[in-house]
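Observations on the three-dimensional arrangement
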There are 2 protein chains.
Amino acid sequence: MPASVLTKKIGKCVYFFGGGKADGKESMKNLLGGKGANLAEMAGHPDLRLPVPPGFTITTEVCTYYWKNKRTYPKGLRELVSQNLARIEALTGKKFGDPKNPLLVSVRSGARKSMPGMMETILNVGLTPQTIPGLIAQTKNDRFVYDAYRRLIMMYADVVMEKAAGITPADDQGIRKQLEHLMNEAKKRKGVKQDTDLDAKDLKKLCAKFKVKVQEVLGKPFPDEPSEQLWGSIGAVFASWMGKRAISYRKIEGIPEEWGTAVTVQSMIFGNMGTTSATGVGFTRNPGTGDSRFYGEYLVNAQGEDVVAGIRTPGPINEASRSDQSLKRKSLEQVMPEAYQELDDIVTRLEKHYRDMLDIEFTIEKRKLYMLQCRVGKRNGPAAVKIALDMLKEKLITKEEAVMRVTPSQLDELLHPIVDPQAEAANKPLAKGLPAGPGGAKGQIVFTAHEAVAWKKEGKQVILVREETNPEDVEGMRAAQAILTARGGMTSHAALVARGWGKCCVVGCGTLEIDLSKKTIVASGKTLKEGDWITLNGSKGLVYEGSLAMKDASESNQILNDFLKVCNQVRRLKVRANADTPEDAARARQFGAEGIGLFRVEHMFYGKGSAEPLFKLRKMIVSKTEEERRAALDELFVHVKADIKATLKAMQGLPVTIRTIDPPLHEFVPHEHEKLAALAESLGISLDELEARAAKLRESNPMMGHRGVRLGITYPEITEMQVRAIFEAAAELGKEGVRTLPEIMIPVVCVETELKNQLAICERVYQEVLKSQSVRVIGHLFGTMIEIPRACVIADRLAETAQFFSFGTNDLTQMTLGFSRDDTGSFMPDYLKSEILPNDPFQTIDQDGVGALMRLGVERGRKIRKDLKIGICGEHGGEPASVEFCHSLGLNYVSCSPFRVPIAILAAAQSVVKEKPKRK
Amino acid sequence: MPASVLTKKIGKCVYFFGGGKADGKESMKNLLGGKGANLAEMAGHPDLRLPVPPGFTITTEVCTYYWKNKRTYPKGLRELVSQNLARIEALTGKKFGDPKNPLLVSVRSGARKSMPGMMETILNVGLTPQTIPGLIAQTKNDRFVYDAYRRLIMMYADVVMEKAAGITPADDQGIRKQLEHLMNEAKKRKGVKQDTDLDAKDLKKLCAKFKVKVQEVLGKPFPDEPSEQLWGSIGAVFASWMGKRAISYRKIEGIPEEWGTAVTVQSMIFGNMGTTSATGVGFTRNPGTGDSRFYGEYLVNAQGEDVVAGIRTPGPINEASRSDQSLKRKSLEQVMPEAYQELDDIVTRLEKHYRDMLDIEFTIEKRKLYMLQCRVGKRNGPAAVKIALDMLKEKLITKEEAVMRVTPSQLDELLHPIVDPQAEAANKPLAKGLPAGPGGAKGQIVFTAHEAVAWKKEGKQVILVREETNPEDVEGMRAAQAILTARGGMTSHAALVARGWGKCCVVGCGTLEIDLSKKTIVASGKTLKEGDWITLNGSKGLVYEGSLAMKDASESNQILNDFLKVCNQVRRLKVRANADTPEDAARARQFGAEGIGLFRVEHMFYGKGSAEPLFKLRKMIVSKTEEERRAALDELFVHVKADIKATLKAMQGLPVTIRTIDPPLHEFVPHEHEKLAALAESLGISLDELEARAAKLRESNPMMGHRGVRLGITYPEITEMQVRAIFEAAAELGKEGVRTLPEIMIPVVCVETELKNQLAICERVYQEVLKSQSVRVIGHLFGTMIEIPRACVIADRLAETAQFFSFGTNDLTQMTLGFSRDDTGSFMPDYLKSEILPNDPFQTIDQDGVGALMRLGVERGRKIRKDLKIGICGEHGGEPASVEFCHSLGLNYVSCSPFRVPIAILAAAQSVVKEKPKRK
C-alpha cells in the first residue's frame, strides 16, 4: 500500500440514503462501492428518488484505515453510525432494538468492482430475544421470525465469530457445518425433508440449540445485543476484504488491495410476508437476445436468495419474459398489476437515467415495492451488439458509447459456433492447451491428415489430432472440424493455418500423450482412441471428452454489419487482412478488410490443388546450380503470377502487400519416400543425391537461418521471378481496366544494404516489364517487414529505401525475447502460472519489450520519411489489446486473419474512444 | 565527392624542397602525400637538412581539381612549375633541356597513405636527342645514357601515351609488351641473354626502333621535347589515381577517392655511375628481430630498382646486416667508409627526429650521398614489441606511444606458431573458411575423434576434420593439432573450444565436401583421404594441401610480459578470461587476467576425465519427475562443488563469474547406442522410455528454447544445486584462509521477474549455507547476463535486482540480427563478398545494431544503479575493435578466452590512447 494512504486524511465516513435524498451518488463508486453508490443514486437523484429502503454506507477509506490501524476505526465513527441509524429509524418509524417495533438491518460489502461471492453479508441484524416478540406482533408470523433468527445465528456465528476472528477449523468442522448438522437432525427427528417443514416451535428450539453449540464450539456466547451484532457485522465485512478467497480473486482480476470495500447498512425488507409480498430480479432488456423489453422473474412470498437458489421455480415478470419452463405460471404483471406497473415505470426511468441495460433487484413487502439493487447488466454477444445498436437508434447513447458497449469477445460470439456454456460448466476439461483458433467444435478423433480426408468423405465429423502439423497435413486440416496438437505455440503452423480459416484449434496441449502407432491419446489418466468423440473450446484452449452441445454462430449477419459500420465511423486505424489466396482475399473484403496486409507467396503451395506448384517449388529448393534453379523458377512463375493476379483482381485497387518467399526452404522438402523419389526423377538425379541436397538445407535454428531476404541475396533469381510475376500481373490487369496496388515487401531484413540490393533487382525488373508490356507505369510500393530487432534499431536507415514498414510481430517477438514459438510449450505454462510473464507474448504484444522496439522503429522511420506507411501483419493484428497499442503508436493499419477482421475493427474503434480523455 | 571540394578555393599548389630548405613538412601528408611530405621534412627541417636531391611537390588538391575540371589544371600552375624547376636548376647547376648540362627529373605519385605499385612513376624525364650528348659528356658513359633513354621511352609510352590516354589494348598487345619484344629480338640477334649485354650502340639502335613502333602502335610520335615530357608525366600520375588498379585497391583499403595523389618532381640522381656510385635500402633497426642496430643492403653501380628486383644479390650495409646469403660480400661500411659514416649519422638523426623505426632509401652518386625516401618501417610482431620496449627504455617515446606501436595481430604472432609466410605465398589455398582459432598447424587428416586420439598415441600429428563438432568430439579435438569443420560459425562448438585452448581451428569451410563413409574430402577439385597432410592458417581461415613450413611462436615470454606491463599502466578497462576449469583459470592468471568473466558450469562436463560427471548430468537431464531429478542433482553436486572450489582457489580472491547451466539440455543427450543403454539402465527405465524422453527434449530452434534461466524457473532445484555448490565452496575456502569472490550470473534473462525468482532461490540457499557452515557472511554478487535483445531494452528494471551485467554478445548478436551462428555458412560468404555486411558480426561487434542495444543497456542499467559493474563475456571480448567499443561504452571489463587475454590487454590500452584527442 503506498505511503500516501497512510498519511491521507480521511474525509466524510458515512453516507446516508433514503426518503428521497442521498449524500452519495453513482459517480462515487470508489468511495461507496458499486452497491452503495447505486443505492444512493436510486434513492437520491432528482430524476429517480426511487423507493429504496433507507440506509447508509461506510466508505472504503474506513476499510483502508481499519487495516492500517490494527483493525480499529477512525475517531467518531461510532457516533456517525448512531446518527445515521437514527435517520433510518425516523424514516421507517421503527427502532433498532425496540421490543415493540424493531428495526432490522442488513450489513453488506460493496467494492468498487463487483466481486461476487467473495465477501460477506449478514442479514436480520438487530433480532434478539428482546425484539422477537415485537416483530412477531408486527408480522403476525412467528415462523418467519424464528426462521430469520435461525439464519442470523448461523450467518453471524460463521462470518463474524469464526471467519472474521481468524479461526480456521478443520474441514467439515466449521461452525456452519455443525449448525447445519443440528438442523438436519431436527428434520430427521420430525421425519421431514425440507427446511420449510419445520414450524415456529421447531425453529425456536433449534435456535436455542444453536446458541449452546456456538458457545461450546467457539467459546463465546452468540451476542443477543443489537449494537454488538451491528458492529460485529461491520467488522466482519471489513475483515472479509483480507479473506483468502477475496485476496486470490483480486489477484486474478487485478484489483488492487488499497481499493478496500465499503459497508452498507440498510433496513431489512421482507418479500416473504405472505402472498402480498414478493421478490424478483430483472433486466431492463433481454440479456440473452437484446430484445428491448423488460425481462425478469419473481417469486411470491419469498426472499431474494430463494430466486437465485432455484429451489422454487420463479414466474415470469411479464409476457415478454415467459419461457418454456414458465408457460403455466402467472406473471407478476398478472398477480400484482399495480406493483408491476410501478416497477415497469421505474425500470424505464432507470434505463433512461443510466443509459445502459441494467440488472435490478426488487422486493415487494405487503404490496409496497422497494428497489434493492441496480447495476449495469451482463449480456451475451448478440445481445450486446443489438442493445448497443438499439440504444444508438433510440439516441440514448452516442456512437462512441455504442462502440464501447461490446467487448471483443462478445463480438467473437457472433463469428463462430461455440460450445454451449452450460454443457461446459457441467464437464471437466480433459486437458488444456493454447487457444489457437476461436469457437468450438466437436468430432471423432483421427490421427492422420489422410484419415481426416477419408472419414470426412464418409460424412463423419473429425478432429485431427497431431503432435504438430506441417504443410503436408493441410488437406486433412481443412477436412477436420478442428485441430488439436500436443506441441507448438500460438504461432505454430497449426495455429496460423486454423486461424486463417477461422477454424477451431487447440495447440501446445502438452499433457496429451499421443501414440501414433497405437492410435491413442492418454490425458488425465484416460485413454481415447481413434473414432472417440471429443469437443474443443478453441477460444479457451479446452479439450473435453465426448460430444458436448453446441451453439451456432449468430446468423444475424445484418446486425454484425450494422455494428461494424458504427465502428468504422469512429476508428482511424485501418484494418487489413492476411490472405494468401483469391478466396481468402474475397472473404476478407466481405468482412470489411481495407486491403491485404500480408500475402505470403509461399502459402500458395499449401493445401488443396497445390500439388503441382508445390512439386515445382520443391524442385527449385533442391536445385544445386543457378541453371537448375532458374529452370524450376520458370515453371513456378506461371503459378505465382496467376495467384497474384487473381488476388489483385479480387481486391480491386485496394492495397495488397505481397511478401517475397520467406520461410526456411527445408520446410518444403517432402518427408515421404514416394514424393522424394518423384522429385529425384524429375530432377534427373539419384535419390541419394537428393537426400544429400536436402540434408544440406537442414539447419540448427531454422528460424534464424537461410530465409527471407537472405534467400533473395544468395539467389537473386528467386526475388526476380516473384517481382516479375507481380509487375506482369498488375500490368495485365491494368490493361483489363482493373486497378491494382501491389506493395512489394521484403522479409527478415536487418541491414539497409539488404534492402538496397533487393530494390535494385526490383527496379531492373520493373523497367523490363514496362518495356515488355508496353506500359508507362505500374503503380506499386516497395517496403520491408520489420521483424528482426536490429531492423527497429536502424529503422531510420531502412526508411531511406523503404516506402512502407510492416511489423512482423511474430518473429519480432521470437527474437526480442529469444522465444522460439514452437518450443515455448516446455516453459510457457510455468511462466504464466508463476506470473513471470503476465501474458503469452505471442497472443498479446509484449509492450515493454517488443512494443518498445516497435516504438523505436516508428520514431526512427518517420524521422527520415514523414509519411512512411506503417502497419503490422503479425498475428497480434487481430488481438484487441495489441490493436489498441498499434493505434497508440500511430500505425496506419493492422492486418490479421480474415475471421479476426471484425474484432480488429471493433478494437480500432474502441482505441479512439479510450484515448479521448488524454486528448482533452 | 562532397560539394565542398568543388567550391573550396585551392591554396598553394606547389611546394619546393632542397638546399637545406623546404616549403612543406612531414605533418602535411594530406596535401603533399607521404613521399612528398617526408622529402620536405628531410630536406628542410632545421634538425635534419639532409642531402635530398632538390625537387617540388604538386599538391593533392590539384589532383582533385584536375578530376573535377575535365582534366585541366588550376590557373597559373604552369608558371609555378616553371619557377620551381628554375630553383632546382639553380641548386644543381643543371638546366632542364640544356644540351650541355641537362637536368633530368623523376615524376612520382604520392598519396596520403602508401599504395605500393598502384600508381605510376616516370624516370629520366628531360632526356631527348638534344640533351643526350650533353649527358654523355657529363657522365662519360654513353651506354648509361642510352639505357636511360630506352627506359624513358618504354615507361612514357606505356604510362603516359597508352594508359593515361585511356587506351586498353588486348592482352599482350600493350605497347610495353611490344617494346619488350623488340628488345628481346635485339638480344636474340646478338646471341645474348641479359639486358646488360647490350652495349651503347645496340641501345641507340633500339631507341630508334622503339620510336617507330610507338608511332605505329599509338599513332603519335614519342615527344622529344623536355617540357612536353614533363607535363605528360604529371598528367599521367594524376590520371593513375583513377586507374582500375588504384580504384579497387582504395576500395579494399577504405581510402576515400577525394584524398587524391600528389606529384613529386625531383632531380634525378644516379647510383649507376660506376664503382664510386651505389644505391641501397635500409631500416633504422632490424625489422625482423627488433635489434636496435642500423640494418640494410646495397649494390655498387646500380639503380634503386635493381636492389629490389633481386637480379643481383646485394651486400650487407654493415656487419649487423650480414646474413647467410651475404657472408662473403663486402659491406658498404667497408667499401665506402665515409659515405657509410655519413649515412649512419643521418639514420641516427632521422630516428631520433621521427621517434620510430624508419625505412630509408639512399643513392651515392660519385661518392656523394643522397637521401631519396624515408618512412615509418614495417616490422613483424616480435620486432614491433622489442622496438616499442627499447624506444620506451631509450626515452624516445612515451608509454602511450609504445602501446600504439604494436598491432594486435603483431602481438598474436608472439602467442602462436604460424605457417611460414613465404611458404604460404608459394602455395595456393585449397579452401577458405572462418578463422576460428589463431596461428598455424599441420597434420594428417583424421575424420573421427576416436581416430584422432588413437593416431596421436602412435605419435602422429593429426588434424581432425568434421562436418561440425559436438561435445563428444572433445577428446579428439584435444588430441589434434588443429580442427577443421565444414559447417558452423565463429561461435560454433569447434570455434569456442579451440579458442579456449588457443588451438588452431578453421570452421565453416563450406566448399569442403566431406564424405565420412569414404573418408575423403573433396575441395577445389582435389580429393584428400585419411592420412593425407594438410596445413591450416587459423588466423586467416586458410587450408593448404600438404605439409608447409612453420614458424614457432616467439619463445621470448619475457618481452611479452614486459610489453603487457606497459599496457597495464595505460589501460583502464579490466581484462578477464573465460575459463571453465581450474587449469584454464591458472593459465588465465598467467596471461594477466584479472578475474574470470565466464565460468560455464556445463563446460565441466566436456572433455577429458568428465565421463562420470557427464553421465550424471545426463541422468539429470532425462529425469522425468522432480524426485528423479533431485537424486541426479545430488550426485552431480559433488562434482560441481569440487570444480568451482578449485577454480575459486586458483583465482585467489579475484572475481569469478559463474554462469548457471545454460545450453539446451538435449545437447548433452548421448547419440551412441551403448551410452544410451547405460543411461537407461542406471535410471532403471527401458531404452524406449529413455528415447521417448530424449525426443521430448528436441526443439525446433534450440537456441531460443528451454535453456538458461528458463531451466532454473521450471526446475528450481537445478539452480538450487549450483548456488549451494558455490556458497559451500566459498565458505570452505574461507575457513582455509583463501579469499574468494564468486559472482553468480543468470543467463538468458529477458524479464525482471525471472531474475527476482532466481534471486529468491539464491537468497534462501545462502541463508541455509550460512547456517550449515556456521559462517557469518560469504562475499558474492548476484547478476545477469545480457544476451537477449529485450534485456537491453528493460535493463533499468533488471538493474534493480542485478548487481552486475555481463553482455553475452554471441547470443545477443544471434537474436539482434536473427542469425543462427551455426547456420550462417549458407549466406554469410555472400553477405561479406557483396558487402551487405562489412564484417562477420560474430567476429567483431556489430556496433550499429548490437552495439546500439548494448549502449541502451548500459545507459538504462546505470540510470538505476550508478555503480553497476558491466562486462562482456562473448567471444568479442578478445577482438580488438570490439574491445575498443566496450571501452568507449564505459564497460568495466572484457572477458575472453585465455589465449586472447594479451590481445585484449593491448586493445584496452590502445583504446585509452585513441580516445585522448576527443578528451582534450
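Residues numbered from 1 in each chain as written. Chains lettered and ligands numbered in written order. Predicted model: local features only at pLDDT ≥ 70, side-chain atom pairs only at ≥ 80, totals over all residues. Heavy atoms only, no water.

1. Structural notes on the relation of the copies chain A and chain B
The second copy of the chain is related to the first by a rotation about an axis and a shift along the axis. Expressed as a screw transformation, the operator carrying chain A onto chain B has a rotation angle of 180° and an axial translation of 0.1 Å, and the superposed copies differ by an RMSD of 0.2 Å. Between the two chains, the operation in question is that of a two-fold axis. Among all C-alpha atoms of chain A, that of Asn701 of chain A lies closest to the rotation axis, at 2.1 Å. (Least-squares fit on C-alpha atoms with pLDDT ≥ 70 in both.)

2. Some points on the sheet that holds strand S9 (residues 315–316) of chain A
Residue and element names in this part refer to chain A. Taking strand neighbours across the sheet as the criterion, the 5 strands line up as S9-S8-S7-S10-S11 in an open arrangement whose pairing is antiparallel. The sheet is open, and its two edges are formed by S9 and strand S11 (368–376), each paired on a single side. By the bridge criterion, 6 bridges tie strand S7 (residues 278–283) to strand S10 (residues 358–365) in an arrangement that is antiparallel. By the bridge assignment, Val281 is partnered in S10 with Glu361. Strands S10 and S11 of the sheet are contacted by helix H13 (residues 337–354), whose axis makes an angle of about 30° with S11. (Pairing = 2+ DSSP bridges. Helix = DSSP H or I, 4+ residues; strand = E, 2+ residues; numbered from the N terminus. Contact = heavy atoms within 4.5 Å. Axes fitted to C-alpha atoms, helices over the stretch in contact; angles between N-to-C directions.)

3. Comments concerning the interface of chain A and chain B
Every contact between the two is made by 50 residues of chain A and, on the other side, 49 residues of chain B. Here chain A and chain B share an interface that buries about 4100 Å² over both sides, 54% of which is from carbon and sulfur atoms. Contact with chain B buries area across many residues of chain A, yet Met704, Arg790 and Ile836 of chain A alone supply 16% of it, more than any other trio. The interface formed by chain A and chain B contains 4 salt bridges. Summed over the shared surface of chain A and chain B, the number is 26 residue pairs in polar contact (both at pLDDT 80 or more). Secondary-structure elements contributing two or more residues to the side of chain A that touches chain B are helix H26 (687–697), helix H27 (709–714), helix H29 (752–773), helix H30 (789–793), helix H32 (809–817), helix H33 (828–833) and helix H34 (847–864) of chain A. Per-class residue counts for the side of chain A that touches chain B are 21 nonpolar, 15 polar and 14 charged. (Buried area = accessible area lost by both parts, 1.4 Å probe. Salt bridge = Lys/Arg side-chain N within 4 Å of Asp/Glu carboxyl O. Polar contact = N/O pair within 3.5 Å; in protein donor to acceptor, adjacent residues only side chain to side chain. Nonpolar A, V, L, I, M, F, W, Y, C, P; charged D, E, K, R; others polar.)

4. Let's talk about the packing of helix H32 (residues 809–817) of chain B against helix H34 (residues 847–864) of chain B
Residues and elements named next belong to chain B. The interhelical angle for the contact between H32 and H34, taken along N-to-C directions, is 115°, at an axis separation of 9 Å. Crossing of H32 over H34 shows right-handed handedness. On H34, the residues that touch Thr809, Leu812, Thr813, Thr816 and Leu817 of H32 are Gly849, Val850, Leu853 and Met854. Residue composition of the contact of H32 with H34, grouped by class: 5 nonpolar, 4 polar and no charged. (Left-handed = near helix turned anticlockwise from the far one by under 90°.)

5. Here's the deal with the nonpolar core
Counting 284 residues, the largest nonpolar core has Phe807, Met854 and Leu891 of chain A together with Phe807, Met854 and Leu891 of chain B as its most contacted members. Met854 of chain B has contacts with Cys792, Phe807, Thr809, Leu812, Ile845, Ile872, Phe885, Cys886, Leu889 and Leu891 of chain B, leaving out every residue within four places of it along the chain. If you look at the next biggest cluster of nonpolar residues, it comprises 72 residues, including Tyr66, Tyr146, Met155 and Ala186 of chain A. (Core = buried A, V, L, I, M, F, W, Y, C linked by side-chain atoms within 4.5 Å. Buried < 20%, exposed > 50% of the residue type's maximum accessible area, 1.4 Å probe, protein only.)

6. So, the pattern of salt bridges
Using the criterion set out here, one finds 116 salt bridges over all chains in the structure. The residue Glu319 of chain B makes a salt bridge to Arg322 of chain B at a minimum N-O spacing of 3.0 Å. Residue Glu319 of chain B is classed as partly exposed on the basis of its relative accessible area, which comes to 44%. Arg322 of chain B sits in the partly exposed class, given a relative accessible area of 22%. What you see here is one network of salt bridges that share partners, running through Glu626, Arg630, Glu720, Arg724, Arg764 and Glu768 of chain A.

7. Let's talk about helix H7 (residues 175–190) of chain A
Residues and elements named next belong to chain A. Compared with an ideal rise of 1.5 Å per residue, which puts 16 residues at 22 Å, H7 spans 23 Å between its outermost C-alpha atoms and is within 8% of the ideal. Residues of H7 that are buried: Ile175, Gln178, Leu179, Leu182, Met183, Ala186 and Lys187. Looking at the buried residues of H7, the elements they touch are helix H6 (142–163) and helix H8 (200–218). A positive backbone phi angle near 70° is found at Gly191, which sits one or two residues after H7. (Expected span 1.5 Å × (residues − 1).)

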